[in-house]
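Working through the structure, step by step
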Amino acid sequence: MNNYKKAYIAGGCFWGMEDLFRKRPGIKDTEVGYIGGQNDNPTYQNHPGHAEGIEIVYDPKETNFKEILDYFFRVHDPTTVDRQGNDRGSSYRSAIFIQNDEEKQIAEEVIKIVDDSKRWNGKVVTTLEPYSKFWPAEDHHQDYLVKNPNGYTCHFERFETFL
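This write-up is about the structure you can find in this document. Remember, it's a predicted structure, so these values are computed and weren't measured experimentally. (Residues numbered from 1 in each chain as written. Predicted model: local features only at pLDDT ≥ 70, side-chain atom pairs only at ≥ 80, totals over all residues. Heavy atoms only, no water.)

Here's the deal with the packing of aromatic side chains
On inspection of all chains with the given rule, the structure shows 8 aromatic pairs. Ring geometry for Y8 and F134: centres 5.6 Å apart, planes at 50°, overall tilted. One end of the pair, Y8, is in strand β1 (residues 5-11); the other, F134, is in strand β8 (residues 134-136), and 126 residues separate them in sequence. With a centroid separation of 5.8 Å and 55° between ring planes, the pair formed by F14 and Y34 is classed as tilted. Pair noted here: F14 is in helix α1 (residues 14-21) and Y34 is in strand β2 (residues 27-35), with a separation of 20 residues, a long-range link. Connected via pairs of aromatic rings, a cluster forms that spans Y8, Y131 and F134. (Phe/Tyr/Trp six-rings, centres within 6.5 Å; stacked < 30°, edge-to-face > 60°. Helix = DSSP H or I, 4+ residues; strand = E, 2+ residues; numbered from the N terminus.)

Quick look at the nonpolar core
By size, the foremost hydrophobic cluster in this structure holds 36 residues, and its most contacted members are I9, F21, L69, F73 and I96. Of all the elements in the fold, those that place two or more residues in this core are β1, α1, β2, β3 (51-58), α2 (65-75), β6 (94-98), α3 (101-117) and α4 (144-147). It is α2 that contributes the most residues to this core, 7 residues altogether. The residues touching I96, leaving out its near neighbours within four places in the chain, are Y8, I9, F65, L69, F72, F73, A107, T126, T127, L128 and E129. Counting residues in each nonpolar core, the second largest holds 7 residues, with Y8, I35, A51 and F134 among its members. (Core = buried A, V, L, I, M, F, W, Y, C linked by side-chain atoms within 4.5 Å. Buried < 20%, exposed > 50% of the residue type's maximum accessible area, 1.4 Å probe, protein only. Contact = heavy atoms within 4.5 Å.)

Remarks on α3
With 17 residues, α3 extends 24 Å between its outermost C-alpha atoms, agreeing within 8% with the 24 Å of an ideal straight helix rising 1.5 Å per residue. All of the buried residues in α3 are E103, I106, A107, V110, I111, V114 and D115. Each buried residue of α3 lies within a common arc of 165° when the element is viewed along its axis, so the set occupies one face. In α3, the exposed positions angled more than 90 degrees off the buried face are occupied by D101, E102, Q105 and K112. Residues of α3 that are buried sit in contact with β1, α2, β6 and β7 (127-130). With a side-chain oxygen lying 3.1 Å from the backbone nitrogen of E102, the N-terminal cap of α3 falls on N100. Positive backbone phi, approximately 60°, marks K118, located one or two places after α3. (Expected span 1.5 Å × (residues − 1). Arc of directions from axis to C-beta. Polar contact = N/O pair within 3.5 Å; in protein donor to acceptor, adjacent residues only side chain to side chain.)

Below, the structure written as structure tokens:
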């Protein structure tokens, strides 16, 4: 039996985030979906208040929550409210969905490190939201950039590690 853990983040369109995270050391699985909103069983057409998020399954023997957040802050712009690239609206907000006090402490610490680095032109506006239920997105959104290698993404590595 493995002792894998899960992390939940949102940083714009879920396709690009998933595609980058799936390749990271220690990441065992990724799934795109909806989190933090008002309705049950959200869909792409009906997800009020939900962010386009990703569920990351990781092996804590190979990586950790702090390293995941470090990469998260390197592959999207955490200083824009409800926007990444061409995508606008609360679905595209920068958010970390906190499952416990330890994750909250780590998230606050990493946000301070990112802010103090002054690498971004503004302050981090990433929200720390309590974990709610994660709703997997429709099948055609899963592994989208694997199925559509020339598909849209605004995510890429911008910086070396903050840590």
